[in-house]
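Inside the fold
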Amino acid sequence: IKHRGCQIQEFDLVSTICNVCVYFRVRSPIILDGASEYLVHNVSKLSVSQLYSIGRMFGELDFHPTNGFKFWREIEFALEHNFVKFKPVEVINLMLSFVYMEKYPINFINKLFNPYFLDRLHTQTESEVMYSRQQLKLLDAAMELGCRGYGGPYLPCETDGRLRTLNIDKRILKMADKLFDPLGDVIQDHSRLGIGVVLSSLPLHPYYWVDIMIYPTRAASLLRFGFKTKNSSNIAVLINLPEHYDSTGQHMLGPQNLRIRHLRAMDFRVMTLRYSTLKTLWKNPQKLQEYLHEKYSLVVEKTK
């Protein structure tokens, strides 16, 4: 891409490179900027699968193309003219990838939340239908939380009775349980901790699950918090796995940035912990305590 750039005639080659970058979390500015230029110059020649592979990469890897205006203009044009050719699951993923970068696809909302699109959605395979429904609810909530003038939400939220359908990584669940005692020691009150908290009035989605909640009081731990509640006294603790970052481990990816942004939009204070660091420090309780205390103090100090 760096040497041949827009002269590459093998469209599948470029889209395959983009798929590889997303899968292996390769956030290379050279490849990403090259791919954005390639899309701008060849958008009319690309198939929907190629548009999908190239277009979603930027949001997934949290990279703003340097030719931003041209890129967004061309991909919006391509989506407008090829909308019905995309699989519903691809359309939803594309729209979400835009939202990861705070590019809200308000012009496409009427195309998504209408009976025709929902009928198409349910013609997919069973696994695609379930995934598409979950991601469409996430998109609906993301637009409501981040986009002024959004007319939604358009979809109802599930009740906690369907919590069994929420898939949380077992490493996070296990680590959250293990952190109960050391984190309780740091805040000097174990009764203020909640493990695996589902946020209220939001879709049942992993992004609206808080690994550990630090409440201001024991009484507050008995209440429910989420959308349109007073949350500024609560600290949402998130455990970030290695795959929540790019391949270098230095840059957080789009989906996790969205999760943090939404929590802050609802006035939660956010405390992030690296799973790899926790695992390394686990054999040294003193170092672990220092790490947790440092992270906790940073969050508390910011609000003073």
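This text follows the structure it describes.
We now turn to the structure provided with this report. (Residues numbered from 1 in each chain as written. Predicted model: local features only at pLDDT ≥ 70, side-chain atom pairs only at ≥ 80, totals over all residues. Heavy atoms only, no water.)

This brings us to unusual backbone geometry. With an omega of 5°, the peptide bond between Gly152 and Pro153 qualifies as cis. Mapped onto the fold, Pro153 is located in the loop between helix H8 (126–146) and helix H9 (170–178). Located in the positive-phi region is Gln188, a residue other than glycine, with phi close to 65°. One can find Gln188 in the loop between helix H10 (180–187) and strand E1 (193–198). Exposure remark for Gln188: the relative accessible area of 72% places this residue in the exposed category. Phi at Ser201 is positive, roughly 60°, even though this residue is not glycine. Tracing the chain through its elements places Ser201 in the loop between E1 and strand E2 (209–214). (Helix = DSSP H or I, 4+ residues; strand = E, 2+ residues; numbered from the N terminus. Buried < 20%, exposed > 50% of the residue type's maximum accessible area, 1.4 Å probe, protein only.)

To continue, consider the nonpolar core. With 73 residues, the main nonpolar core has Ile54, Met57, Phe58, Met95, Leu199 and Leu263 as its most contacted residues. Listed in part, the 30 residues of the second largest apolar core include Met175, Ile214, Met271 and Leu288. (Core = buried A, V, L, I, M, F, W, Y, C linked by side-chain atoms within 4.5 Å.)

With that settled, consider the sheet that holds E2. With mixed pairing, 4 strands are arranged side by side in an open sheet as E1-E2-E3-E4. Strands with a single pairing partner mark the edges of an open sheet, and in this sheet they are E1 and strand E4 (269–274). Sheet twist, expressed as the average angle between the axes of neighbouring strands with direction ignored, equals 35°. Sheet topology places strand E3 (residues 235–240) next to E4; 6 bridges connect them, and they run parallel. Each bridged residue has a counterpart across the sheet, and for Ala236 the counterpart in E4 is Val270. Packing against the sheet, H9 makes contact with E1, E2 and E3, and its axis sits at approximately 5° to E2. In the packing of helix H11 (residues 254–265) onto the sheet, the strands contacted are E2, E3 and E4, and the crossing angle to E3 comes to about 175°. (Pairing = 2+ DSSP bridges. Axes fitted to C-alpha atoms, helices over the stretch in contact; angles between N-to-C directions. Contact = heavy atoms within 4.5 Å.)

Before going further, it helps to examine helix H2 (residues 29–42). The terminal C-alpha atoms of H2, which comprises 14 residues, lie 20 Å apart, in line with the 20 Å expected from a rise of 1.5 Å per residue. Three or more residues of H2 are buried, namely Leu32, Asp33, Gly34, Ala35, Ser36, Tyr38, Leu39, Val40 and Asn42. (Expected span 1.5 Å × (residues − 1).)

Below, the discussion takes up the packing of H10 against helix H13 (residues 285–302). Taken N-terminus to C-terminus, the directions of H10 and H13 make an angle of 55°; their axes are 10 Å apart at the nearest point. Taken together, H10 and H13 sit at an angle that is classed as oblique. As H10 runs across H13, the sense of the crossing is right-handed. Judged by residue contacts, Pro182, Leu183, Asp185, Val186 and Ile187 of H10 engage Leu288, Gln289, Leu292, His293 and Tyr296 from H13. (Parallel < 35°, antiparallel > 145°, perpendicular 65-115°, else oblique. Left-handed = near helix turned anticlockwise from the far one by under 90°.)

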